[in-house]
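# Coordinates in review
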Amino acid sequence: MEFLDRPNVHIKDREYVIGQLEKMVADGAKKLQVVADFDRTLSKYKHNGHVCATCHNVLEEGGLPGEYKEQAYKIRDKYFPIETDPNLTIEEKTPYMVEWWTKAHALLEKYPLSKEMLHSMVAKSTAKLREGCTTFFDNLHASDIPLLVFSAGVGDIIREVIAQNSHMYDNMHVVSNDLNFDENGKMIGFKNAIIHVFNKNEHAVHDSDYFHNLSHRTNLLLMGDSLGDLQMANGAENVEAKLTIGFLNLRVEESLELYKSRYDIVICEDETMDVVNAIVNKILCIG
Ligand code: C5P
Ligand code: MG
């Protein structure tokens, strides 16, 4: 398990991690399910030193009038530092996140977005999947392992980013903020209540058939980049082994101890899926 010894991989309790992993390896593919966040978990934070677009940023980067971008960036610049501040608790941050998503979505709804614009907006955007994401998707698909992509981003953008840069397989299920279009393909808002970074524990998916139908898959791999992502699999039933993998992309020095205390494995400033793929390969006995 030399992939756990990389200098940018941090583990508070190595014995625990190895124990969970050994059980997952022994139980194999049939018992595994995977839950992953999208922005800055499956997608990159930086590419060649430049910050990449989140789902919302894809809509801001081009295609809509410049004043939309200006106002959206102003909102983001106020709330993003709050989202990533290790000195504030989730309870303290949550009302600001509700404000952020509410303002951002209300602003977007004022502009003429249509379904047909999404393809080229994604194609021209700086959104990128992590290196090794396709291998990750391919391996889970080949072994028929369900992957829940649970995101506070925008579902329509996620599906488009994955389809354009990799494969959207039928074992993958996206739960996110989905755009609502009228019969002419004009965006008329969002379909459901807001999913922001810290209410992933409250989503209907936890009470839906999704986790119930997977209750025989008792081993769970969860990946995220925010501490809110740790709640994504709250509805999972009969969990026997669980490993949480946290990508710490920024404010590393000030956040590392906090991340180590919450995530089983913390991967710092790494734009690849190498460690995740090594773990999945081990469980699926690949290579
Ligand atoms: O997929 P995930 O749940 O990570 O998506 C949420 C991310 O989108 C947050 O980390 C936040 O920084 C980002 N975001 C954004 N612009 C918004 C709202 C959220 O870039 N208007
Ligand atoms: Mg994220």
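Summarised in this report is the structure supplied together with it. (Residues numbered from 1 in each chain as written. Chains lettered and ligands numbered in written order. Predicted model: local features only at pLDDT ≥ 70, side-chain atom pairs only at ≥ 80, totals over all residues. Heavy atoms only, no water.)

### Considering the coordination of the magnesium ion (ligand 2)
Heads up, the rule is: For Na, K and Ca the donor cutoff is 3.2 Å, while for all other metals N, O and S atoms must lie within 2.8 Å; water is not among the atoms, so some sites may look incomplete. Burial status follows relative accessibility: with a 1.4 Å probe on protein chains alone, a residue under 20% of its type maximum counts as buried, one over 50% as exposed, and anything between as partly exposed.
Around the magnesium ion (ligand 2), the protein contributes the donor atoms Asp37 (OD), Asp39 (O) and Asp225 (OD), which lie 2.0 to 2.2 Å from the metal centre. Counting the intervening residues between successive donors of the magnesium ion (ligand 2) yields the motif D-x1-D-x185-D. Residue classification places Asp37 among the buried residues on the basis of a relative accessible area of 4%. Since its relative accessible area comes to 14%, Asp39 is described here as buried.

### Some remarks on unusual backbone geometry
Heads up, the condition is: Helix and strand assignments follow DSSP, with helices taken as H or I runs no shorter than four residues and strands as E runs no shorter than two, numbered in order from the N terminus.
If you check the backbone angles, Glu269 has positive phi at about 40 degrees while not being a glycine. Positive phi is not limited to glycine here, since Cys285 has a value of about 55 degrees. Along the polypeptide, Cys285 turns up in the segment after α10 (274-284).

### Observations concerning the side chain of Asn199
Cut-off, in case you're wondering: Each polar contact in these results corresponds to two N or O atoms within 3.5 Å; when the atoms are within protein, one needs to be able to donate a hydrogen and the other to accept it, and residues that are neighboring in sequence are counted only if both atoms are side-chain atoms.
You can see Asn199 is positioned in the loop between β8 (187-190) and α8 (209-213). At 3.0 Å, the side chain of Asn199 forms a polar contact with the backbone oxygen of Ile194.

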